[in-house]
Amino acid sequence: MGSDQAPIVYACGALAKDLRAVLRASGLGAHIEVFYLPANMHNRPEAIVPKLRPLISAAIAAKRSVFVGYSDCGTGGQLDALLREFPGVRRLPGAHCYEMFAGAERFAALHDDEPGTLYLTDFLALHFDALVWRGLGLDRFPHLRDVYFGNYRKVVHLAQGDAAAINAARIASAQLALAFESVGTQRDGLRHGIEEFCASS
């Protein structure tokens, strides 16, 4: 299969490290093309669908198979509405990447245990300063901490075993004056989604 015929994955840039690990472990990386969208769209989920629409449309017009490397991710169902326009195009499972990493049952248990939880993936922990602290203006207006996070009680880091990410998540929780917990998770949701896509392409 030539590169012009290869299936395409349009994925959130925040998943780049994890998706590369999945592709490397599965040996599927040579068979698909992956394009990463800006990770800072985590802060602007309303931009996800407008960004994806022309990309998916162009790929379908070129007879390419497409997979969307996003969960709903705050689009409020708009991503699923978009994908209904393109039969056969699927996305990652779950409401967000936190559920995808933890698994639906485990995430529900974590949420039930403490609804006031801020979740961090490895990526968000390592880029907390840029995406959250400075991204939300807390470096300039620290009083906004209570506006944004006043109802939170703890940080749960959904960890992939990266010691630097665990340390960054612990520092982030201290900055926010929240309790900290690190929970080991897997990439099964991501792996299953990609494997099913490749098997059907």
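Just so it is clear, the model here is predicted, and its values are computed rather than measured.

Caption draft 1: Inspection of the overall build of the protein chain at higher detail. Secondary structure summary: the protein chain contains ten helices and seven strands in total. Over its C-alpha trace the protein chain gives a radius of gyration of 18 Å, about what one expects of a compact globule, namely 17 Å for 201 residues. When its C-alpha atoms are laid out on the principal axes, the protein chain stretches across 50 × 30 × 30 Å. Counting all 201 residues of the protein chain, 46% fall into the buried class. Within the protein chain, residue pairs in contact and separated by at least 24 positions form 69% of the contacts whose partners lie at least 6 positions apart. A total accessible area of about 10,000 Å² is found for the protein chain, and carbon and sulfur atoms account for 53% of it. Within the protein chain, the 21 negative side-chain charges are centred at a point lying 5 Å from the centre of the 20 positive side-chain charges.

Caption draft 2: Representation of helix α2 (residues 48-61). In this model α2 runs 20 Å from its N-terminal to its C-terminal C-alpha over 14 residues, within 8% of the 20 Å that 1.5 Å per residue would give. Every buried residue belonging to α2 is among I48, V49, L52, I56 and A59, and all of these are buried. Projected down its long axis, α2 shows its buried positions confined to an angular sector of 100 degrees, all on one face. Those residues of α2 that are exposed and angled more than 90 degrees off the buried face are P50 and A61. For α2, the elements touching its buried residues are β1 (8-12), β2 (33-37), β3 (66-69) and α3 (78-84). Within two residues after α2, K63 carries a phi angle of roughly 65 degrees, on the positive side.

Here is what the cut-offs are and how they apply
Residues numbered from 1 in each chain as written. Predicted model: local features only at pLDDT ≥ 70, side-chain atom pairs only at ≥ 80, totals over all residues. Heavy atoms only, no water. Helix = DSSP H or I, 4+ residues; strand = E, 2+ residues; numbered from the N terminus. Rg over C-alpha atoms; globule rule 2.2 N^0.38 Å. Buried < 20%, exposed > 50% of the residue type's maximum accessible area, 1.4 Å probe, protein only. Contact = heavy atoms within 4.5 Å. Areas by Shrake-Rupley, 256 points an atom, 1.4 Å probe, with all protein chains shown as cover. Lys, Arg positive; Asp, Glu negative; His and termini not counted. Charge placed at Lys NZ, Arg CZ, Asp CG, Glu CD. Expected span 1.5 Å × (residues − 1). Arc of directions from axis to C-beta.

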